[in-house]
Amino acid sequence: MKLHEYQSKRIFAQYGVPIPQGDVATTPEQARQIAARLGKRVVIKAQVLVGGRGKAGGIRLADHPDEAERVADQILGMNIKGLTVKKVLVDEAADIATEIYLGIVIDRTTHHPVMMASAQGGVEIEEVARVTPERIVKITIDPFLGLQAYQGRELAFGIGLPKELVRDFVLIAEGLYKAFVGCDASLAEINPLVVTGGSKLLAVDGKILLDDNALFRHFELAEMRDADEETPEEQEARRHGLSYVKLDGEIGCMVNGAGLAMATMDITKLYGGAPANFLDIGGGAQADKVAAALRIILSDPHVKAVLFNIFGGITRCDEVAKGILEALREVPTCVPMVARLVGTNEEQGRQILAEARMATAATLAEAAQKAVAAAHGAHGFARGEL
Ligand code: GDP
Ligand code: MN
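Residues numbered from 1 in each chain as written. Chains lettered and ligands numbered in written order. Predicted model: local features only at pLDDT ≥ 70, side-chain atom pairs only at ≥ 80, totals over all residues. Heavy atoms only, no water.

Participant: Describe in detail the pairing of strand S9 (residues 112-118), supporting the description with residues and values.
Facilitator: With respect to burial, S9 is a largely interior element, six of its seven residues being buried. Adjacent in sequence and paired antiparallel, strand S8 (residues 96-107) and S9 are bridged by four residues, among which His 111 carries a positive phi angle near 60°. In this structure, S9 lies alongside strand S10 (residues 136-140), joined through five bridges in antiparallel fashion. Each residue of the ladder has a partner; that of Ser 118, found in S10, is Ile 136. (Buried < 20%, exposed > 50% of the residue type's maximum accessible area, 1.4 Å probe, protein only. Helix = DSSP H or I, 4+ residues; strand = E, 2+ residues; numbered from the N terminus. Pairing = 2+ DSSP bridges.)

Structure follows, in structure tokens:
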């Protein structure tokens, strides 16, 4: 789950990270009032759960309250990368001398949190990571010891921070690490952490990704969920306990098990297709869950073929087949489908699917090849002809 900038920064502030003063507005009039209260130049920032808001025109300065109202009026309702801006953060504008990147993620190779810093912070950090990765300094944190002060200093020296700022930088790094652990986050990031004209450090932007599996022990964080974060399909998937991630390809995949889902996506790519989604229906899925999953897949207009790859262990292939039929009754479609059902009750499953006159495959390779051919409009691959 993603938190908004204003939510992330408020959390950072609780851990001693300096942030600009400001507040959130949902109307231009509120933005004017906040600006008037702050009594200085402000920055109006679109609160949407995507990066690159600055480049998209969602971050603008305003010199006085009337201008803040005008600018907020322009930003509210704006569409940024498909999301409508419903809130703006009105912060006192920072006087920026330089922009630093400071972030922490879990490194899945070392199984440790890793903190990264770069003197080239700001809006181009992905570019820095790609072109000049040596400009990003990293340290690995032992989760039992936590971030050590010397490691914070190592980062500070590594990015050539002026000596007089090192102390504060280390406190900020420690605060960020404590916030990361305290929230059970999978990512916590300040970009930019700015050095102001007055030579102070200030967290101007903030981002936190929470680990959904730990939300049960963070009610106050779970309540921060913004429904806009998820597409209607993702919301529907969450309601049914499905793990669903939408992707850009044309082959809808329904699979049981995350590892099998990853393998299915890989093999689809290998044969020249592109997966339209990651979808794990989990173990022991009943027909209604399968039907929900198929509805979600078919609601994506880019889907040109559907590939079912079900390994029946706890999940019974006949249940899955029933779910597919149930969904097809509800959502009739001419999208071609290929099924590979293997394991518990596979015979019954195949019999049920014969009714749907669906293409079947014995191996994953065969299923993927058929799905790719179908998606690419291979002749004679309309459903029912194979
Ligand atoms: P993002 O584009 O979504 O990452 O949003 P950020 O909050 O990081 O802002 C993008 C860029 O806008 C920053 O890197 C700054 O260069 C600039 N910016 C943000 N806030 C301020 C501010 O208060 N004053 C000034 N001068 N620039 C700002
Ligand atoms: Mn940023």
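Let us keep going from here.
Participant: Please set out the packing of aromatic side chains residue by residue, giving values where relevant.
Facilitator: As enumerated under the stated definition, the model contains one aromatic pair in all. Their ring planes at 25° and their centres at 6.5 Å tell us that Tyr 177 and Phe 180 sit as a pair that is stacked. A residue pair is termed a helical-turn pair when its members lie 3 or 4 positions apart in one helix, as Tyr 177 and Phe 180 do in helix H6 (residues 163-182) at three residues. Across this residue pair, the class does not change: Tyr 177 and Phe 180 are buried. (Phe/Tyr/Trp six-rings, centres within 6.5 Å; stacked < 30°, edge-to-face > 60°.)

Participant: Could you give an account of helix H13 (residues 364-375), naming the residues involved and the relevant values?
Facilitator: Compared with the 16 Å implied by 1.5 Å per residue over 12 residues, the 16 Å span of H13 between its first and last C-alpha is a close match. Within H13, burial applies to Leu 364, Ala 367, Ala 368, Ala 371, Val 372, Ala 374 and Ala 375. Along the axis of H13, the buried residues cluster in a sector spanning 160°; they form a single face. Each element contacted by the buried residues of H13 is listed here: strand S15 (251-255), helix H9 (258-270), strand S17 (305-312) and strand S18 (337-343). Note on H13: the residue one or two positions beyond its end, Gly 377, has a positive phi of about 75°. (Expected span 1.5 Å × (residues − 1). Arc of directions from axis to C-beta. Contact = heavy atoms within 4.5 Å.)

Participant: An account of the packing of helix H10 (residues 287-298) against helix H11 (residues 317-330) is needed here, citing residue identities and associated values.
Facilitator: Remark: H10 packs on H11, axes separated minimally by 7 Å, with the N-to-C direction vectors making an angle of 50°. One way to sum up the angle between H10 and H11 is to call them oblique. Here the hand of the crossing between H10 and H11 comes out right-handed. Contacts between H10 and H11 involve Ala 287, Asp 288, Val 290, Ala 291, Leu 294 and Arg 295 on the former and, on the latter, Glu 319, Val 320, Lys 322, Gly 323, Ile 324, Glu 326, Ala 327, Leu 328 and Glu 330. (Axes fitted to C-alpha atoms, helices over the stretch in contact; angles between N-to-C directions. Parallel < 35°, antiparallel > 145°, perpendicular 65-115°, else oblique. Left-handed = near helix turned anticlockwise from the far one by under 90°.)

Participant: Could you give me a rundown of the nonpolar core, with the residues and numbers involved?
Facilitator: By size, the foremost hydrophobic cluster in this structure holds 40 residues, and its most contacted members are Leu 102, Met 115, Phe 169 and Leu 193. For this core, the element with the most residues is H6, which contributes 10 residues. In contact with Met 115, other than residues within four places in its own chain, are Leu 102, Gly 103, Ile 104, Val 137, Lys 138, Ile 139, Ile 141, Leu 147, Leu 155, Ala 173, Leu 176 and Tyr 177. (Core = buried A, V, L, I, M, F, W, Y, C linked by side-chain atoms within 4.5 Å.)

Participant: Give a description of the pattern of salt bridges that names residues and reports values.
Facilitator: One side chain can pair with another of opposite charge once the charged atoms of both are near each other. The final tally for this structure, using the stated rule, is 23 salt bridges. For the salt bridge of Lys 9 with Glu 5, the shortest nitrogen-to-oxygen distance reads 2.8 Å. Of this pair, Lys 9 and Glu 5 both sit in helix H1 (residues 5-14), separated by four residues, roughly a single helical turn. With respect to class, Lys 9 is no different from Glu 5; both count as buried. Residue Arg 53 pairs with Asp 205 through a salt bridge whose shortest N-O separation is 3.2 Å. (Salt bridge = Lys/Arg side-chain N within 4 Å of Asp/Glu carboxyl O.)

Participant: Explain the sheet that holds strand S2 (residues 22-25) residue by residue, including any values.
Facilitator: The antiparallel open sheet is built from four strands, whose spatial order is S2-S7-S3-S4. Whereas interior strands pair on both sides, the edge strands pair on one side only; in this sheet they are S2 and strand S4 (59-62). Strand after strand, the sheet turns through a mean of 25° between neighbouring axes, direction not considered. In this sheet, strand S7 (residues 88-92) lies alongside S2 in antiparallel orientation, the contact comprising four bridges. Each residue of the ladder has a partner; that of Ala 25, found in S7, is Val 88. Helix H2 (residues 28-38) rests against S2, strand S3 (42-46) and S7 of the sheet, and its axis sits at about 170° to S2. Lying over the sheet, helix H3 (residues 65-75) contacts S3, S4 and S7, oriented at roughly 165° with respect to S4.

Participant: Describe H1, listing the residues and the values that go with them.
Facilitator: Count 3.6 residues to each turn of an α-helix, and residues three or four apart come out pointing the same way. Of all the 10 residues making up H1, seven are buried; the element is thus mostly covered by neighbouring parts of the structure. Those residues of H1 not exposed but buried are Glu 5, Tyr 6, Gln 7, Ser 8, Lys 9, Ile 11 and Phe 12. Looking one or two residues past H1, Gly 16 carries a phi angle of roughly 85°, positive in sign.

Participant: Can you lay out the coordination of the manganese ion (ligand 2) for me, pointing to particular residues and giving the numbers?
Facilitator: Protein coordination at the manganese ion (ligand 2) comes from Asn 191 (O) and Asp 205 (OD), with a distance range of 2.2 to 2.3 Å. Of the two residues, Asn 191 sits in strand S11 (residues 185-196) while Asp 205 sits in the loop between strand S12 (201-203) and strand S13 (206-210), which places them 14 residues apart along the sequence. One exposure class covers both Asn 191 and Asp 205, and it is buried. (Donors = N, O, S within 2.8 Å, 3.2 Å for Na, K, Ca; no water.)

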